[in-house]
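# Descriptive analysis of the structure
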Amino acid sequence: MNDRDSMKPGDLLLPVKSFCRLSGQIIAPLSFEIHAFSVKFAYSLTRSAYMEQNINFEDIFESKLAKNDFIEPKDWMPDNYRKHLIRQISQHAHSEIVGMLPEGNWITRAPSLRSKIVLLAKVQDEGGHGLYLYTAAETLGVSRDELLDALHTGKAKYSSIFNYPTLTWADVGAIGWLVDGAAIMNQVMLQRSSYGPYSRAMVRICKEESFHQRQGYEIMTHLAFGTPEQKQMAQDALNRWWYPTMMMFGPPDKDSPNSENAIKWRIKRETNDQLRQRFVNQTVPQAEYLGLTVPDEKLTWNEAKQGYDFSEPDWVEFKNVINGNGPCNKQRLKARNDAHKNGAWVREAAAAYAKKKGESTAVAA
Amino acid sequence: MSDSQGPVWEVFVQRKSGQPFVHCGSLHAFDKEMALQNARDLYTRRGEGMALWVVPSSAIVASSPEDMGPFFEPANDKVYRHPTFYQIPDAIKHM
Ligand SMILES: [Fe+2]
Ligand SMILES: [Fe+2]
């Protein structure tokens, strides 16, 4: 071992790929490999001078937020920041996968082969969104099992919107147009969220969402410019989905207990009311184009604020639905629990197979 | 972390041939084969890549944020590693 020059790299040395992080993205350069005897040695090879320092972690955290830097999983963060994120990201993940249910209801009854493959692709995307978000939440130190358990036992919340039923095909159009539209508005903002893994998941999700909204609006145009019965069906869907969609942005700022911290920590960058206002401004002209009427008698353009004045949704109903008493809460929870239970044998078989091949032990260290 | 969903894997995707593999997210899978298939279904539904790596998360070694300064410090004062450090006569082209 004294004569290291005579040793061929690769003889005893372990090739180690090195990764570096650049503006929130983890880059793996193809060619950067170093040789080291162990993982620890690989790390210390480039870590030449580690100085003991008195570090104020809170200052570092605050200064990162002030500079619009991202917080990454291994960074120090206040406990409440971590808790807030786990709650928000897991609720978001639950919403994605519970959101598959009301639309999934129409896959077998989609009116054409084209609309069926489109709906399948959309619902599959929502499943994917749930998975991106669960793994983002897991970087904060919770396990997938804990997260799913919280959903299945009813301990965790998900967006109240998915507790409403999809009664007609027009509802599938209205969901894409309004519900995905509202989700996009929220998610575009969250792309700049201060937590790196959440922000990166949002960037992916936003890229996929725009097709969701467009396919929904396309369904609405077909119905709104179709027969009088079809137009009526579209109007009825708008009537039923308008207010529940407005609730998606959360309670008014004055009654929103979590908003203040979320803004302070730059998890959110705009308040519930700001987003709701923007949604109304954007959506009303789209309804007008369809020749449909937004079910709000108070809706008027306000020149001074360059936005619409509109009626608030029924916040008592919102509370009730959140607390489990919406039209479909029990049904949704049962569907999730059944799916999880019915999938248990698949997970067990996959685990047994991996074990038989001797893989899982090597990996799960 | 392993649970009833299997261990966590990190996914790297190469967009086009010749480009670096870029981390795009994580997933759960029970073995290598499933990790690769899940990565395809989850991260390349729209032709985002033409090659994938999946790596058990437990195999990733990461630097700690606390020593970010000292850890990367050795590079900071070595301006001579950059081409602009050197003076080349104006008459010389293509260098
Ligand atoms: Fe989604
Ligand atoms: Fe969506």
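The structure under discussion appears in the preceding block.
This section reports on the structure supplied with the text.

## Observations regarding the overall build of chain B
- Helix and strand counts for chain B stand at two helices and three strands.
- Put simply, chain B runs from its N terminus to its C terminus through helices and strands in the order β-β-α-β-α.
- Here the C-alpha radius of gyration of chain B, 21 Å, is well above what a compact globule of 95 residues would show, namely 12 Å.
- Considering only C-alpha atoms, chain B reaches an extent of 65 × 35 × 15 Å along its principal axes.
- Within chain B, the proportion of its 95 residues that are buried is 39%.

## Notes on the overall build of chain A
- Along its length, chain A carries 15 helices and six strands.
- Within chain A, the proportion of its 365 residues that are buried is 47%.
- Taking the intrachain contacts of chain A between residues at least 6 apart in sequence as the baseline, contacts between residues at least 24 apart amount to 73%.
- Carbon and sulfur atoms make up 56% of the accessible area of chain A, which amounts to about 18800 Å² in all.

## Points about a nonpolar patch on the surface
- Among the surface-exposed residues, B:Val79, B:Tyr80, B:Phe85, B:Tyr86, B:Ile88, B:Ile92 and B:Met95 lie close enough to one another that they form a single nonpolar patch of about 750 Å² accessible area.
- By relative accessible area, which is 41% here, B:Ile88 ends up partly exposed.

## Some details on the coordination of the iron ion (ligand 2)
Residues and elements named next belong to chain A.
- Binding of the iron ion (ligand 2) to the protein goes through Glu126 (OE), Asp180 (OD), Glu209 (OE) and His212 (ND1), at separations of 2.0 to 2.2 Å.
- Around the iron ion (ligand 2), the four donor atoms are arranged such that angles at the metal cover 82 to 169 degrees; this shape is classified as irregular.
- Sequence positions of the donors to the iron ion (ligand 2) reduce to the motif E-x53-D-x28-E-x2-H.
- The distance between the iron ion (ligand 2) and the iron ion (ligand 1) is 3.3 Å, with glutamate 126 acting as a donor to both metals. Of the two residues, glutamate 126 sits in helix α5 (residues 113–138) while glutamate 209 sits in helix α8 (residues 196–224), which places them 83 residues apart along the sequence.

## With respect to the pattern of salt bridges
Residues and elements named next belong to chain A.
- Here the structure, examined in full by the defined rule, presents 23 salt bridges over all chains.
- The partner of arginine 144 in a salt bridge is glutamate 138, with the nearest N and O atoms 2.6 Å apart.
- The network of salt bridges with common partners includes Glu103, Lys122, Glu126 and Asp180.

## A few points about the coordination of the iron ion (ligand 1)
Residues and elements named next belong to chain A.
- Those donors, Glu96 (OE), Glu126 (OE), His129 (ND1) and Glu209 (OE), are the protein atoms that reach the iron ion (ligand 1), and they lie 2.1 to 2.4 Å from it.
- Coordination at the iron ion (ligand 1) comes from four donor atoms whose angles at the metal span 81 to 154 degrees, giving a geometry best classed as irregular.
- Sequence spacing of the donor residues for the iron ion (ligand 1), all on one chain, is E-x29-E-x2-H-x79-E.

## Quick word on unusual backbone geometry
Residues and elements named next belong to chain A.
- If you check the backbone angles, asparagine 68 has positive phi at about 65 degrees while not being a glycine.
- The residue asparagine 68 is located in the loop between α2 (57–66) and α3 (79–98) in this model.
- You can call asparagine 68 partly exposed: its relative accessible area is 41%.
- Phi at arginine 266 takes a positive value of approximately 60 degrees, unusual for a residue other than glycine.

## Structural notes on the state of the cysteines
- Scanning all chains against the criterion turns up zero disulfides over all chains.
- Not engaged in a disulfide, the cysteine B:Cys24 finds its nearest cysteine sulfur in A:Cys206; these two sulfurs lie 17 Å apart.
- Owing to a relative accessible area of 16%, B:Cys24 belongs among the buried residues under this scheme.

## Considerations on the nonpolar core
- Of all hydrophobic cores here, the largest spans 89 residues; its most connected members are A:Tyr81, A:Ile89, A:Tyr195, A:Tyr198, A:Trp241, A:Trp242 and B:Leu27.
- Take this core: its biggest share by element is twelve residues, from helix α7 (residues 169–190) of chain A.
- Dropping the residues within four chain positions of it, A:Ile89 is found in contact with A:Leu133, A:Ala136, A:Ala137, A:Leu140, A:Tyr195 and A:Tyr198.

## Quick word on the packing of aromatic side chains
Residue and element names in this part refer to chain A.
- A full pass over the atoms with the stated rule returns 18 aromatic pairs over all chains.
- Taking the centre distance of 5.0 Å and the plane angle of 75 degrees together, the rings of phenylalanine 61 and tyrosine 81 count as edge-to-face. Within this pair, whereas phenylalanine 61 is found in helix α2, its partner tyrosine 81 is found in helix α3, the two being separated by 20 residues in sequence.
- Judged by relative accessible area, phenylalanine 61 falls into the buried class, the value being 2%.
- Consider the rings of tryptophan 315 and phenylalanine 318, whose centres lie 5.2 Å apart with planes at 90 degrees: the pair is edge-to-face.

## Quick notes on the environment of A:Asp338
- For A:Asp338, the position within the fold is in helix α13 (residues 329–342).
- Each C-alpha atom, one on A:Asp338 and one on A:Glu260, is 37 Å from the other, the two residues being 78 residues apart in sequence.

## Overview of the packing of helix α6 (residues 144–152) of chain A against α13(A)
All names here are of chain A.
- The geometry of α6 relative to α13 is characterised by a closest axis approach of 9 Å and an angle of 140 degrees between their N-to-C directions. It follows from the interaxial angle that α6 and α13 lie oblique. Of the residues in α13, those touching α6 at Leu148, Leu151 and His152 are Leu333, Arg336, Asn337 and His340.
- Here the residues of the contact of α6 with α13 sort into three nonpolar, three polar and one charged.

## Some details on the packing of α13(A) against helix α14 (residues 344–356) of chain A
Residues and elements named next belong to chain A.
- At a minimum axis separation of 4 Å, α13 and α14 run at an interaxial angle of 30 degrees. The angle between the axes of α13 and α14 places the two elements in the roughly parallel class. Across the interface between the two elements, His340, Lys341 and Asn342 from α13 touch Ala344, Trp345 and Arg347 from α14.
- Taken together, the residues of the contact of α13 with α14 sort by class into two nonpolar, two polar and two charged.

Calculation notes
- Residues numbered from 1 in each chain as written.
- Chains lettered and ligands numbered in written order.
- Predicted model: local features only at pLDDT ≥ 70, side-chain atom pairs only at ≥ 80, totals over all residues.
- Heavy atoms only, no water.
- Helix = DSSP H or I, 4+ residues; strand = E, 2+ residues; numbered from the N terminus.
- Rg over C-alpha atoms; globule rule 2.2 N^0.38 Å.
- Buried < 20%, exposed > 50% of the residue type's maximum accessible area, 1.4 Å probe, protein only.
- Contact = heavy atoms within 4.5 Å.
- Areas by Shrake-Rupley, 256 points an atom, 1.4 Å probe, with all protein chains shown as cover.
- Patch = residues over 30% accessible without salt bridge, like charges linked within 9 Å, V, L, I, M, F, W, Y side chains within 5 Å.
- Salt bridge = Lys/Arg side-chain N within 4 Å of Asp/Glu carboxyl O.
- Donors = N, O, S within 2.8 Å, 3.2 Å for Na, K, Ca; no water.
- Tetrahedral: all angles 85-135°; square planar, octahedral: opposite > 155°, others 65-115°.
- Disulfide = S-S within 2.5 Å.
- Core = buried A, V, L, I, M, F, W, Y, C linked by side-chain atoms within 4.5 Å.
- Phe/Tyr/Trp six-rings, centres within 6.5 Å; stacked < 30°, edge-to-face > 60°.
- Axes fitted to C-alpha atoms, helices over the stretch in contact; angles between N-to-C directions.
- Parallel < 35°, antiparallel > 145°, perpendicular 65-115°, else oblique.
- Nonpolar A, V, L, I, M, F, W, Y, C, P; charged D, E, K, R; others polar.

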